[in-house]
Amino acid sequence: MILIVQILIVLSPFSYSKELVASGDVFSEDGQKLYELKQYKKTLNEGREETTVYFNQQNKPVLKETIVTKDGQFESYKIDQLQSGQSASVDKSQSQLRFNRQGSEKQETETIEYPSEFAIGSTIVNLAEQNFSKLLAGNDVDFELGLWDRQKLISFYLRKDSESKDQLRVKMNPSNFFIRQFVDTIYFTFDKSRREMIKYEGRTNLLKKSGDEFEPLNAVVRYQSVKKL
């Protein structure tokens, strides 16, 4: 999606040299700005590493997600949830997915057969972009969503929700009718001419404080992009 600017970034606790490819703002559902995000990419041998870092109002990182692809195919996903102290990874090894989750007290692992169509994190957006013409035509895109926190797969679909002259709005829901009753719809809005996501609405991996506990944040994310990769 997005803009290519050569930059050297030094962030605590993360230090890396990558190309900045996108930025954005995260708002609460009532319009209050909560976080900013920056997306970076790094070219690897036969592949690419994409990292998204979210910052609070004090410019302190609160969440980091990294996805590695090879020849356009998923290789690995890693999340560092700094608000809760949790981290997790999902790695593809031949025909299997290996889930690993590290909390404050214990580590859990799970191995699952790799599905024919898989997405996790921002690869959902990649999946929509790859099937843009199909979505425009009103056809569904079915896939298995990897849940890093539950270490399982759930079937979802992408479907055209609405369309204007310049934009396409896509919704994402569980395929199972009963699960769908308990999961809020997620929406992606794309610029039709550039085929880039410009807005995200729904559940995020960011957290909000509720009493003494954290709970997932539903938010609106607006992206600023200049040049597509």
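Now for a description of the structure that goes with this document. (Residues numbered from 1 in each chain as written. Predicted model: local features only at pLDDT ≥ 70, side-chain atom pairs only at ≥ 80, totals over all residues. Heavy atoms only, no water.)

1. Observations concerning helix H1 (residues 123-130)
Most of H1 is tucked away, with 6 of its 8 residues classed as buried. Buried within H1 we find Thr123, Ile124, Val125, Leu127, Ala128 and Glu129. (Buried < 20%, exposed > 50% of the residue type's maximum accessible area, 1.4 Å probe, protein only. Helix = DSSP H or I, 4+ residues; strand = E, 2+ residues; numbered from the N terminus.)

2. Concerning the pairing of strand S12 (residues 152-163)
Two strands pair when backbone bridges link them, and strand S11 (residues 141-147) and S12 are joined in this way by 7 bridges, in the antiparallel orientation. Each residue of the ladder has a partner; that of Asp142, found in S12, is Tyr157. Between S11 and S12, which pair antiparallel one after the other, the connecting turn spans 4 residues, and Gln151 there sits at a positive phi close to 55 degrees. One ladder, built from 7 bridges, connects S12 with strand S13 (residues 167-174); its direction is antiparallel. When the bridges of S13 are listed, Ser162 appears paired with Arg169. Between S12 and the antiparallel strand that follows it, S13, lie 3 residues. (Pairing = 2+ DSSP bridges.)

3. Things to note about the packing of aromatic side chains
Tallied over the full model, the rule gives 6 aromatic pairs. With 5.6 Å between their ring centres and 55 degrees between their planes, Tyr114 and Phe118 make a pair best called tilted. Using a relative accessible area of 18% as the deciding quantity, one classes Tyr114 as buried. Ring plane angle 80 degrees and centroid distance 5.7 Å describe the contact between Phe132 and Phe190, whose orientation is recorded as edge-to-face. (Phe/Tyr/Trp six-rings, centres within 6.5 Å; stacked < 30°, edge-to-face > 60°.)

4. Looking at the pattern of salt bridges
Any two side chains of opposite charge can pair, so long as their charged atoms come close to each other. Counted according to the given criterion, the structure contains 14 salt bridges. Of the charged contacts in the structure, one is a salt bridge between Glu50 and Arg48, with a shortest N-O distance of 2.5 Å. What makes Arg48 partly exposed here is its relative accessible area of 27%. Across the pair Glu163 and Lys160 runs a salt bridge, and its minimum N-O distance is 3.1 Å. A residue is classified by how much of its surface remains accessible, and Lys160, at 27% relative accessible area, is partly exposed. (Salt bridge = Lys/Arg side-chain N within 4 Å of Asp/Glu carboxyl O.)

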